[in-house]
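Observations on the three-dimensional arrangement
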Amino acid sequence: MYKVTPRMANLRRRMEVTIRAHHDLFVAAVVTAAVAVVAVISGSVWLVHDVMTGLPTASELSGVGSMAQATTLYDAKSRPAFTIFQEQRIDAPLSAISPHLVHAIVAIEDQRFYDHGGVDVVRIVAAALNNVRARRAAQGGSTLTQQLARQSFLTTDKTFRRKLKEAVLAWRLERQFTKDQILEMYLNKMYFGDGLYGVEAASLGFFGKHARDLDVPESALLAGLVKSPSTYAPTVSLERAIARRRVVLQTMRDSRAIDRATYDSALRSRPRLADALRPEEGYGQYFKEEVRKQLVQRFGWERVYQGGLKVYTTLDLEMQKAAEREVERALADIEQRQAKRRGNRPAATSDPLQGALIAMDPLDGEVRAMVGGRDFDRSRFNRATQAKRQAGSAFKPFVYATALEQGFTPATLISGLSTPIATVQGQWVPADEHVASDAITMRAALRTSSNRAAVQMLQQVGIPTAVRYAQRLGIGDLPAVPSLALGSGEVTLLSMTSAFSVFANQGMVAPPSLIRRVEDASSGEVLYTASTQKERAISEATAFIMTSMMSDVINAGTGWQARQVGFTLPAAGKTGTTNDYHDVWFVGFTPHLVAGVWIGYDQPRTIIGNGYAGDLAVPLWGRFMAMATRNDAPDRFRMPSTVVPVTICRLSGQLPNDSCRGAVVLNGDGEPTNQSMVYTEYFARGTEPNAFCPLHGGILVNTVATSGDAADATPLPVDRQRNTVTSTADSPPLPPSPESAAEKKRGFWGRIFRR
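Keep in mind that this is a model prediction, so the values were computed, not measured.

1. Some details on helix α17 (residues 317–341)
Two residues of an α-helix separated by three or four positions point the same way, owing to the 3.6 residues in each turn. The first and last C-alpha atoms of α17 sit 37 Å apart over 25 residues, in line with the 36 Å expected at 1.5 Å per residue. The N-cap of α17, judged by a side-chain oxygen 3.2 Å from the amide nitrogen of E318 a few residues on, is D316. Positive phi shows up at G343, right after α17, with a value of about 70°.

Laid out in structure tokens, this is it:
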């Protein structure tokens, strides 16, 4: 027998009081230790039936490493641009994780990780005694393996039953996986705050670097987050994160993971936060959303949000940023003009003016930039892909392309412009403030955007034929009515831009695409590759000749302001303005890029009085294209062998005689002057003229009153060595938009559709 001293009796009484006060905690710790001992020594955990109820099967346990991973969207240069996730996670092998981070995690969370079998009995007992001594749950006893089991299969309920399940699962995990495998799964599984799961996402999200590049202080800070991410995340409280880092560094020093010098240096360092995971999320949200919808439709929600896909998109990030800046600038400029006209009084409605822009590669249909509105956070409705609006005169190129396919030529004289068109509403003569005469060539008609010429040409080629060709170009269903020539059909900006790309792509249709390739992030298996199949919509000759005609629009027609804002490359395009100035369009292209812009209100109303596309949409397009093509060579549109250049008389469209080269014409002051009426036009082989001009023979010609055609621009001259054409014209640019001339009296359809 030993003698109980007063001091020992007092200590015993204090322990009894403490145990009674924390009986449940003490018992839980002891029982957990007992279950762990049984599990380790005898493997008889299967005897605890209640604990085993609901535990994962062996096959489910083998999938513990399968974790929800973010889908990453890459731009056209294969740089990360966006992420789609339920949990922001990027899987990383242990070999791609800094040893400093591994040491920090092991030091602060489980120093005996490589010594125990999943449950650390020594640590559990020590933690229980410490908790009893502190009279609170001051220290936990869970190993890394137990934390992994809890994170993968269990809830966070603080119950005795859950702790026993956790111990059993940890024991089973240790027997199914190596220590390194468990550690790798743990590092990729745990939550680090701010929506970031796994060390790779946390490293990129907090420090802007990969996990393999973390230094000691950065590793210590991340390791400290595991205990309470919502409390210690540096984006929540940098000072609390630093304080927690100090604890981790001290533990690393005590466990000899780092020396004194490294410890002192790490303490003095100040974290430099940077987010390389989500830096560009402020741009391209309409593009991202369109890609997200396509992915979900193809692969399903779960695979997209949890499957860790690698999606290589067609996005040009710099081009996208420029598109958003220019749309914002254009809308702000128009709103300033609106405010000035109403005397700075508040607008009558809160409905904001909207704009949209699509840019794509005409050769393969890859979309480079997409703006669906002025503010994605306020409205996710994509006006580039979802809004259907009347195209106005931007539709006219499809009418003339149909005519070229039927054997007409740019020199074809469209006559009878004053002849009424029969409609169900009665006889109709479209308003046309651009042409006073009764005849005009097709080239001049497109350049001046003559309404009457377009409607007459539609009558000659046939409405069903024009509808069929528009559909072949990808426009979609259209109304078979005479006003179709003036853009009465409703179309999307994406379909219009894609259709114009056919002219730049030698008549071939390349459907628009936003995704190049999709891979499984884990296996690298290619799950989807975009089709490169193209179909012919129109002939090469028609595509080239239409391009030549639309080049006049930019150089000397309604798109002249594109040159005024600094865009200089060879290009072609067409404006469009709808009734009462509700919508303005411009779609244009170079050999390598096609872009379309639209401006208007969601609930159609007048943008601004006399607000033509040439004044509102063209400057936006020109500024964007100047930036988007700033590094492009001034390549010219290549003339196919099926096109022949022929010198003709401007007025008759026939082969010139000597008098055509020195015709006497009246100038703007009504005075006679000698002027050549000869220029070079392009024809599909077999459609070129073979008769001589019957008009000239030394007669006096009033080009304005007689033909309405004197300002017809010379088509693109031929570079015979390269078999290409330039984009110059012999007539000067028009004065500020000819579209702003006083309107003439309009008939029924003229009141419904203008340019």
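2. Re the packing of aromatic side chains
Counted by the stated rule, this structure contains 15 aromatic pairs. A centroid spacing of 4.9 Å and a plane angle of 75° characterise the contact between F113 and Y114, whose relative ring orientation is edge-to-face. For F113, a relative accessible area of 0% corresponds to the buried category. Measuring from centroid to centroid gives 5.4 Å for F544 and Y682, while their planes differ by 85°, and the two rings are edge-to-face. Residue F544 is found in helix α23 (residues 540–556), and its partner Y682 is found in strand β24 (residues 678–684); the two are separated by 138 residues along the sequence. Taken together, the ring pairs connect F395, F398, F500, F503, F589 and F637 into an aromatic cluster. Stacked on the ring of Y312, the Lys or Arg R517 has its end atom at 4.2 Å from the ring centre.

3. Remarks on the side chain of N382
Note on placement: N382 falls in the loop between β7 (367–371) and β8 (389–390). Polar contacts involving the side chain of N382 include one to the main-chain amide nitrogen of A384, which spans 2.9 Å.

4. Description of the nonpolar core
Membership of the largest hydrophobic core comes to 87 residues, with the highest contact counts inside it found for Y400, M496 and F503. The residues touching Y400, leaving out its near neighbours within four places in the chain, are I414, M442, A445, L446, S450, A453, A454, M457, M546 and M549. Listed in part, the 50 residues of the second largest apolar core include I105, A107, M185 and M252.

5. Points about the packing of helix α10 (residues 199–207) against helix α11 (residues 216–225)
The contact between α10 and α11 brings their axes to 11 Å, and the two run at 120°. For the pair α10 and α11, the crossing hand works out as right-handed. Facing α10, whose interface residues are V199, A202, S203, F206 and F207, α11 presents E218, L221, L222 and L225. Split into classes, the residues belonging to the contact of α10 with α11 amount to seven nonpolar, one polar and one charged.

6. Thoughts on the side chain of Q147
For Q147, the position within the fold is in helix α7 (residues 144–153). For Q147, a relative accessible area of 7% translates into the label buried. Every residue in contact with Q147, bar those within four places of it in the chain, is listed here: E109, S142, Y186, M190 and V226.

7. Details of the sheet that holds β7
Strand order in the open sheet made by the five strands is β7-β6-β20-β19-β18, with antiparallel pairing throughout. This sheet does not close on itself; its edge strands, each paired only once, are β7 and β18 (572–577). For this sheet the average axis-to-axis angle between neighbouring strands, irrespective of direction, equals 5°. Strand direction decides the pairing type here: β18 and strand β19 (residues 583–589), joined by six bridges, are antiparallel. Within β19, the residue paired with G576 across the bridge is W585.

Conventions and cut-offs
- Residues numbered from 1 in each chain as written.
- Predicted model: local features only at pLDDT ≥ 70, side-chain atom pairs only at ≥ 80, totals over all residues.
- Heavy atoms only, no water.
- Helix = DSSP H or I, 4+ residues; strand = E, 2+ residues; numbered from the N terminus.
- Expected span 1.5 Å × (residues − 1).
- Polar contact = N/O pair within 3.5 Å; in protein donor to acceptor, adjacent residues only side chain to side chain.
- Phe/Tyr/Trp six-rings, centres within 6.5 Å; stacked < 30°, edge-to-face > 60°.
- Buried < 20%, exposed > 50% of the residue type's maximum accessible area, 1.4 Å probe, protein only.
- Lys NZ or Arg CZ within 6 Å of the ring centre and 35° of its normal.
- Core = buried A, V, L, I, M, F, W, Y, C linked by side-chain atoms within 4.5 Å.
- Contact = heavy atoms within 4.5 Å.
- Axes fitted to C-alpha atoms, helices over the stretch in contact; angles between N-to-C directions.
- Left-handed = near helix turned anticlockwise from the far one by under 90°.
- Nonpolar A, V, L, I, M, F, W, Y, C, P; charged D, E, K, R; others polar.
- Pairing = 2+ DSSP bridges.

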